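Listed below, chain by chain, are the residues.
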Amino acid sequence: MTAEPKLKLMVASTVYYFQDQLKQICGVLSGFDYEVWNSHIGTIPVDPGLSNLENCVIAARNCDVFLGIVRPFYGSGVVGDRSIMHEECLEAVRLKKPNARLREPKWASSALETRLTFFSHPSGSPADDLTARQQQILELIKQRKQLHAGELLKLLGSEVTDRTVRNDLHAMVHRGWLVRRGRGRSTSYAEAATAGRK
């Protein structure tokens, strides 16, 4: 009886200042019986006649599962205005690959935050991944340009709890519909520059 082929899991990440952790992550995933593809550890299939960008995007196209690790460094392999990792993520999302994106909690660059919004919904189809309440939140934020969670809670009415609103806001930031500005009590939310883009 032949063994079932391993799932090909692509791990996309910036490399600088993260080499050791990246090797550990790939090692752990290999231990879970994935065939791990990662450019830093040299396991991405390479056609020597193609550029790094082309090889990486083809790997994102041919993998079974995609994992993007988003860090404060955007990436050194910038082609045009987007990095190679960015293009890999776009390809995985475009093809609806099973995917996940892990984000380092310390990143604070609003420029990076704007770039991240491309990952979640490049087709710009709002109804596809927002609940009715989240669509309502997005409309309220569009009307007022920017809102705090407390203001949203008042606008949505008594049937919605503070926790529910904060969970929705967190999910919408994570999926690229909103950007978070400020910290603590001064935190406000605005529509991401790329939300709804065709």
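Just so we're clear, the structure is a prediction, and the values are computed from it rather than from any experiment. (Residues numbered from 1 in each chain as written. Predicted model: local features only at pLDDT ≥ 70, side-chain atom pairs only at ≥ 80, totals over all residues. Heavy atoms only, no water.)

Asker: What is the right way to look at the packing of helix 6 (residues 132-144) against helix 7 (residues 149-156) in this model?
Answerer: Between two packed helices, the angle of one axis relative to the other and the distance separating the axes together describe the packing. Across the interface, helix 6 lies against helix 7 with an axial gap of 11 Å and an inter-helix angle of 115°. Viewed along their axes, helix 6 and helix 7 adopt a mutual orientation that is roughly perpendicular. Crossing hand, helix 6 versus helix 7: right-handed. Contacts from Gln136, Ile137, Leu140, Ile141 and Arg144 of helix 6 reach helix 7 at Leu152, Leu155 and Leu156. (Axes fitted to C-alpha atoms, helices over the stretch in contact; angles between N-to-C directions. Helix = DSSP H or I, 4+ residues; strand = E, 2+ residues; numbered from the N terminus. Parallel < 35°, antiparallel > 145°, perpendicular 65-115°, else oblique. Left-handed = near helix turned anticlockwise from the far one by under 90°. Contact = heavy atoms within 4.5 Å.)

Asker: What should I look at first to understand the side chain of Ser188 in this one?
Answerer: By the element assignment, Ser188 lies in strand 8 (residues 188-191). Polar side-chain contacts of Ser188 include one of 3.1 Å to the side chain of Gln146. Beyond its immediate sequence surroundings of up to four residues, Ser188 is in contact with Gln146, Leu147, His148, Val179, Arg180 and Arg181. (Polar contact = N/O pair within 3.5 Å; in protein donor to acceptor, adjacent residues only side chain to side chain.)

Asker: Got a minute to help me understand the nonpolar core in this structure?
Answerer: A general tendency of soluble globular proteins is for nonpolar side chains to be buried together. Ile137, Ile141, Leu152, Leu169 and Leu178 are the most contacted members of the largest nonpolar core, which totals 16 residues. Only helix 6, helix 7 and helix 8 (162-174) provide two or more residues apiece to this core. Setting aside its immediate chain neighbours within four residues, Leu152 contacts Ile137, Leu140, Ile141, Leu147, Val165 and Leu169. Membership of the second largest hydrophobic core comes to 14 residues, among which are Met10, Ala12, Ile84 and Ala92. (Core = buried A, V, L, I, M, F, W, Y, C linked by side-chain atoms within 4.5 Å. Buried < 20%, exposed > 50% of the residue type's maximum accessible area, 1.4 Å probe, protein only.)

Asker: Would you explain the side chain of Ser13 in this entry?
Answerer: With respect to the element layout, Ser13 can be found in strand 1 (residues 8-13). Owing to a relative accessible area of 12%, Ser13 belongs among the buried residues under this scheme. In this structure, Ser13 is in contact with Phe18, Leu22, Ile69, Arg71 and Met85, ignoring residues within four places of it in sequence.

Asker: Where do I start with helix 1 (residues 19-31) in this structure?
Answerer: Owing to its 3.6 residues per turn, the α-helix aligns residues three or four sequence positions apart on the same side. In this model helix 1 runs 18 Å from its N-terminal to its C-terminal C-alpha over 13 residues, within 8% of the 18 Å that 1.5 Å per residue would give. Turning to helix 1, its buried residues number three or more, namely Leu22, Cys26 and Leu29. Looking straight down helix 1, one finds its buried side chains confined to an arc of 65°; they lie on one side. Seen from the open side of helix 1, the exposed residues pointing more than 90 degrees away from its buried face are Asp20, Gln24 and Gly31. A positive backbone phi angle near 75° is found at Asp33, which sits one or two residues after helix 1. (Expected span 1.5 Å × (residues − 1). Arc of directions from axis to C-beta.)

Asker: Whenever I open this one, unusual backbone geometry confuses me. Can you help?
Answerer: For residues other than glycine, phi is negative in most cases, and the peptide bonds are mostly trans. A positive phi angle, near 55°, is found at Lys96, a position not held by glycine. Tracing the backbone shows Lys96 in the loop between helix 3 (84-94) and strand 6 (99-103). Look at Lys145: it is not a glycine, yet its phi comes out positive at around 70°. If you trace the backbone, Lys145 turns up in the loop between helix 6 and helix 7. Accessibility expressed as a relative area gives 65% for Lys145, which makes it exposed.

Asker: Help me out: how do you make sense of the pairing of strand 1 in this one?
Answerer: When a strand is regular, its side chains alternate between the sheet's two faces. Taking burial as the measure, the six residues of strand 1 include five buried ones, the bulk of the element. In this structure, strand 1 lies alongside strand 2 (residues 35-37), joined through three bridges in parallel fashion. From the neighbouring strand, Met10 faces strand 2, where its bridge partner is Trp37. In the classification by handedness, the crossover that spans strand 1, the intervening helix 1 and the parallel strand 2 is right-handed. Where strand 1 lies against strand 3 (residues 65-70), five bridges are found, and the strand directions are parallel. Within the sheet, the bridge partner assigned to Ser13 lies in strand 3 and is Ile69. (Pairing = 2+ DSSP bridges. Right-handed = clockwise from strand over helix to strand, strands pointing away.)

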